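# Coordinate analysis (summary)
Single-letter residue listing:
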Amino acid sequence: MDKSFNYRSNYFLKSIYIYMSSLAVLAGGLIYILFRPTEPLFFNWFSVVGIENWLYTVREESLSVYSILPQWIVYSMASGLWAFAYTLIVLSIWTGSKSILKYFWFLSIPVLVFGFEVLQLTGDLQGTFCLNDILWSAIGITIGFITVSVRYRQNLPRLKF
Amino acid sequence: MKKVTFKKSFWQSVLSMIALAVFAYVAIASFGVASQKRQLPDGRYEVSKQYAKGNTETVTGNVDFNGRWDGPVTVEYQDNNYILTHTEEVNMEDGYRHGISKVTYPNGKVENICYRHGTRVDSENCEKKSAAIDSEDNTGYGIFSYKYPWFAFKLDALGFDDNYVKAYIDTLESILYSTEFGLEEFDDMYENVLDILEETPYDSIIQVNAELSIFNGLDLILSHEFRLATIHSYGKSDGNTYNVVKLIYPNYLLSLNELGVTDSDFEGFCSEYDLIMSSFNPVAPDDPFFVDSMDQRMFITLDSIYSSGEESAKKSQSLKSAVLSNKDISMRDLEQEFLSRISSQSINLTPSEISEIVLFTILEKFIFGDLINSAVKEAFTIKKGIVVLPTVITVFSGNTSSTSAVLDGNVIEDGGGEVTSRGMAWGTIYNPTTDNQVLLLGTGTGEFVANLTELTEGLTYYARAFAINSAGTAYGNVISFIAQNTTGINAGDLSTLDFSIYPNPASDKITITFKAEDSEGMVFTMFDVNGKVILQKELANRVTGENIVNVDLSEIKGGLYVCQLKGDETTIAVQTLLINR
């Protein structure tokens, strides 16, 4: 396999991961925006760009769905999606790297994801500690690892350059 | 090779740090603020609030049509380990504590406190008859802990026990009284003291109290007349907010007149208001979150109209920017600035200017949300011998017949001055004043009884006790009741007669339609707002089924009237009618 093909293949793969990660972040954000009765702080962004009125109108429709959605979708799945997204980004940046720094960044995944929950438990961060959030975050990290490792395992010879 | 590896690692680290920053920011920004509300399977509502350090407050109970707590309510506090600490079980009426409140502390101590429409009264059995209360301790903390025990309880649940709160208020007062000043300077001096105390460990209670004051203010807004009119307009009427204000809340219109808003200007404003409100998707009045939708739409619409004005758009943006950048917004400064500006406004106010006035009347309720401030201010007035308005409450005792009712008034506090007159103001409009129908019932503090007679059967009445001293006229809470006999005929039920009037508003004539069960005679009567019969027409021997009758109004002057349809079987129905001339 020539190196240019390996390079293009890796570039395409990492692009896919970035898109997947972005979609996961967006999906998690939409859950908060559309289905959470509480208004997240990032609603301020919408005020700044002047689309808050439109947002409230949309939420009036979507919040009616809140009562029929399972609680784990509304309150926990976003955590899993964001954990998946962060895992994907970090692994796509560092997998295949020979630098020792990669272990620091790999470690940052559980530290960041579970650390937020621990800080909510101790009351140092606003929010509610929830075991479901821990579970979904773990699922998100696991799926992120599986996604990257399966793809990389299949393409391992191409990455050696 | 090493150089390439280092350079690559550097850029990988940069990318990773960017990713870390983005995700950390999104995670933090996703935390919710304020409260969550949901409906339980049994129809009750549950409102949860989360405060600093993870303490949560959960209120569970039923709400009335206007979204105010009504009936038995439970308030529970949990610490950040989800352990239940404080519990309060209380009955609410129109959003105010009314009846016995049973509070349970973490150490098992139970305390019973009696309230009458949000005011603590001194009665062990919480019976109707209670003596005028007087806090023995006239310091700021003494008044605070006596008048607002539910709020002291809340502070205790959030980690500020009574001793701490006492120490805070005593410190505040000691700094406040280190300088001589008059009542008109109280608010400025109070703010200065808070600035000083924010540099001390008391900053935590100052922050929490500021947050709680906002929630208190939001509760007060629930009873604002424009809000009630909006809910009535879109929940029970035809979406014409001006007509609802004119028919049921004309005293609010009078208060707007005093701020320079004419009736015609307000009607024009309401047209624009209703146009925008009707652009939202309809929400059924029986939707569990109908009131919440109305609240949100009301503020969006008011802001939209306000921002449509060139000058106000700039002010609105600067205010929003200040809020977003977490700058302190002093409601009192806003109030002063607003009052000085409207005094120089010309006639023919624009909808944008009227929207600002309406918003101001709503938002100034927030000033009364700071209960520590209210208690310290009251202590100040007592210390200085300044006479303030009396405190009065109104209680509905019951209907004695289909045309009479009994209400009780109670002058709880005289405000430091002699109560020279007291009584009951009543009528068919919300928040009646001494300009409406009045029963004078003595002087001084204490309880008094008002017997209202010659009421119109089936009509909804409003009443407020009042008391007058040298500071002015104080009104108690407003009570609404229907004039009906106690055997339970629901005079407000239109379903059996299907009584309707059109057009409404009308000018020279109206057409009334109704259903009769058999050929019973019916009587149509029109009353003015004082209950005087203006027109009466016998509709003899109507046919079974739908009936249509025209009524000539050419001899009747313009104004607000009540139309009653009564059948031989004492079935009655009532409608209000506005005649425009």
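Okay, the overall build of chain A next. What chain A contains, in helices and strands, is seven helices and zero strands. Scanning chain A from its N terminus toward the C terminus, one meets helices and strands in the order α-α-α-α-α-α-α. Looking at chain A as a whole, 47% of its 161 residues are labelled buried.

We now examine the overall build of chain B. Looking only at helices and strands, chain B has 15 helices and 23 strands in total. Of all 581 residues assigned to chain B, the portion counted as buried reaches 50%. Surface exposure of chain B reaches about 27100 Å², of which carbon and sulfur atoms provide 52%.

Okay, the pairing of strand β16 (residues 479-482) of chain B next. Residue and element names in this part refer to chain B. Side chains I479 and F481 of β16 all project onto a buried face; the interleaved residues S480 and I482 project onto a face where none is buried. Relative to β16, strand β14 (residues 460-469) is paired through four bridges, and the arrangement is antiparallel. Bridge assignment links T460 to a residue of β16, and that residue is I482.

Residues and elements named next belong to chain B. Residues of chain B with pLDDT of at least 70 account for 82%, and the chain-wide mean is 82. Confidence drops under pLDDT 50 across residues 321-328; counting only partners more than four residues distant or on other chains, this segment forms six contacts. Low pLDDT, under 50, characterises residues 487-495; the stretch is placed with 14 contacts to residues that sit more than four places away or in other chains. In the predicted assembly, ipTM is 0.72 and pTM is 0.67.

This paragraph deals with the sheet that holds strand β21 (residues 545-552) of chain B. Residues and elements named next belong to chain B. With antiparallel pairing, three strands are arranged side by side in an open sheet as β17-β18-β21. In the strand order of this sheet, the two ends are held by β17 (500-502) and β21, each with one partner. Averaged over all adjacent pairs, the angle separating strand axes in this sheet is 20°, with direction ignored. With eight bridges joining them, strand β18 (residues 509-516) and β21 adopt antiparallel strand pairing. If you follow F514 over to β21, its bridge partner there is N547.

For helix α15 (residues 371-384) of chain B, which comprises 14 residues, the first-to-last C-alpha distance of 20 Å matches the rise-based estimate of 20 Å (1.5 Å per residue) to within 8%. Just downstream of α15 of chain B, G385 of chain B is the residue with a positive phi angle, here 70°.

Before going further, it helps to spend a moment on the pattern of salt bridges. All names here are of chain B. In total, this model carries 14 salt bridges over all chains according to the counting rule given. Note that D94 is salt-bridged to R68, the shortest N-O span being 3.6 Å. Pair noted here: D94 is in the loop between β5 (84-93) and β6 (96-104) and R68 is in the loop between β3 (56-63) and β4 (69-78), with a separation of 26 residues, a long-range link. Its relative accessible area of 24% is what places D94 among the partly exposed residues. Where K246 meets D263, a salt bridge forms, and the shortest distance between an N and an O atom there is 3.0 Å. Of the two residues, K246 is situated in helix α8 (residues 241-248) and D263 in helix α10 (residues 263-277); the sequence distance between them amounts to 17 residues. Here the salt bridges share partners, and the residues they tie into one network are K49, E57 and K154.

Residue and element names in this part refer to chain B. Phi at D94 takes a positive value of approximately 55°, unusual for a residue other than glycine. Of note in the backbone geometry, H117 takes a positive phi value of approximately 50° without being a glycine. You can see H117 is positioned in the loop between β7 (110-116) and β8 (119-121). What makes H117 buried here is its relative accessible area of 7%.

So, about the confidence of the model for chain A. As a note on interpretation, predicted positions should not be read in detail where pLDDT is low. Residues and elements named next belong to chain A. With 58% of its residues at a pLDDT of at least 70, chain A reaches an overall mean of 72. Per-element averaging of pLDDT across chain A places helix α2 (residues 43-49) at the bottom with 55 and helix α5 (residues 77-94) at the top with 87. The low-confidence segment residues 155-161 (pLDDT under 50) makes 12 contacts with residues lying over four places distant or belonging to another chain.

As a further point, take the environment of D161 of chain B. With respect to the helices and strands, D161 of chain B occurs in the loop between α3 (149-157) and α4 (162-176). With relative accessibility at 37%, the residue D161 of chain B sits in the partly exposed group.

Turning our eyes to something else, we now look at helix α5 (residues 186-197) of chain B. The first and last C-alpha atoms of α5 of chain B sit 16 Å apart over 12 residues, in line with the 16 Å expected at 1.5 Å per residue. The elements touched by buried residues of α5 of chain B are α4, α6 (203-221) and α15 of chain B.

Our focus in this paragraph is the nonpolar core. Residues and elements named next belong to chain B. If you look at the biggest cluster of nonpolar residues, it comprises 41 residues, and the most contacted ones within it are F226, Y249, F266, F269, Y273, L302 and V358. Elements that contribute at least two residues to this core include exactly α7 (225-235), α8, α9 (250-258), α10, α11 (290-307) and α14 (351-363). The element best represented in this core is α11, accounting for seven residues. In terms of domain composition, this core takes at least three residues from each of domain 2 (225-371) and domain 3 (387-482). For V358, the contacting residues outside a window of four places in its chain are F226, Y252, F266, F269 and L302.

Attention shifts here to the side chain of N251 of chain B. Residue and element names in this part refer to chain B. The topology assignment puts N251 in helix α9. Looking at N251, its side chain comes within polar contact range of the main-chain oxygen of N431, at 2.6 Å. Of the polar contacts made by the side chain of N251, one reaches the side chain of N436; its length is 3.4 Å. With residues near it in sequence (within four places) discarded, N251 still touches I429, Y430, N431, P432, T433 and N436.

Let us now look at the sheet that holds strand β10 (residues 404-413) of chain B. All names here are of chain B. The antiparallel open sheet is built from three strands, whose spatial order is β9-β10-β13. The sheet is open, and its two borders are formed by β9 (391-401) and β13 (446-452), each paired with just one other strand. Strand after strand, the sheet turns through a mean of 20° between neighbouring axes, direction not considered. As paired strands, β10 and β13 are joined by seven bridges and run antiparallel to one another.

All right, on to the packing of aromatic side chains then. Residues and elements named next belong to chain B. Tallied over the entire structure, the rule returns 30 aromatic pairs over all chains. Ring geometry for F226 versus Y273: centroids 5.0 Å apart, planes at 65°, classification edge-to-face. You can see F226 sitting in helix α7 and its partner Y273 sitting in helix α10, a full 47 residues away along the chain. Classification of Y273 as buried rests on a relative accessible area of 0%.

Attention now moves to the environment of Y202 of chain B. Residue and element names in this part refer to chain B. Along the chain, Y202 turns up in the loop between α5 and α6. As a C-alpha pair, Y202 and Y164 span 38 residues in sequence and 9.2 Å in three-dimensional space. Those residues in contact with Y202 that sit more than four places away from it in its chain are Y164, A167, Y168, T171 and L197.

The next subject is the packing of α10 of chain B against α14 of chain B. Residues and elements named next belong to chain B. Contact geometry for α10 and α14: axes closest at 9 Å, N-to-C directions at 90°. With respect to their mutual orientation, α10 and α14 come out roughly perpendicular. Facing α10, whose interface residues are D265, F266, F269 and E272, α14 presents P351, I354, S355 and V358.

All names here are of chain B. Relative to the helices and strands, D370 resides in the loop between α14 and α15. Among the polar contacts made by the side chain of D370, one reaches the main-chain amide nitrogen of N373 at a distance of 3.1 Å. The residues contacting D370, other than those within four sequence positions of it, are Y190, N209 and S213.

Residue and element names in this part refer to chain B. Tracing the chain through its elements places D508 in the loop between β17 and β18. On the accessibility criterion, D508 (45% relative accessible area) is partly exposed. With 49 residues separating them along the chain, D508 and K557 place their C-alpha atoms 9.6 Å apart.

Rules behind the numbers
Residues numbered from 1 in each chain as written. Chains lettered and ligands numbered in written order. Predicted model: local features only at pLDDT ≥ 70, side-chain atom pairs only at ≥ 80, totals over all residues. Heavy atoms only, no water. Helix = DSSP H or I, 4+ residues; strand = E, 2+ residues; numbered from the N terminus. Buried < 20%, exposed > 50% of the residue type's maximum accessible area, 1.4 Å probe, protein only. Areas by Shrake-Rupley, 256 points an atom, 1.4 Å probe, with all protein chains shown as cover. Pairing = 2+ DSSP bridges. pLDDT = per-residue confidence, 0-100. Contact = heavy atoms within 4.5 Å. Axes fitted to C-alpha atoms, helices over the stretch in contact; angles between N-to-C directions. Expected span 1.5 Å × (residues − 1). Salt bridge = Lys/Arg side-chain N within 4 Å of Asp/Glu carboxyl O. Core = buried A, V, L, I, M, F, W, Y, C linked by side-chain atoms within 4.5 Å. Domains from an automatic or database assignment. Polar contact = N/O pair within 3.5 Å; in protein donor to acceptor, adjacent residues only side chain to side chain. Phe/Tyr/Trp six-rings, centres within 6.5 Å; stacked < 30°, edge-to-face > 60°. Parallel < 35°, antiparallel > 145°, perpendicular 65-115°, else oblique.

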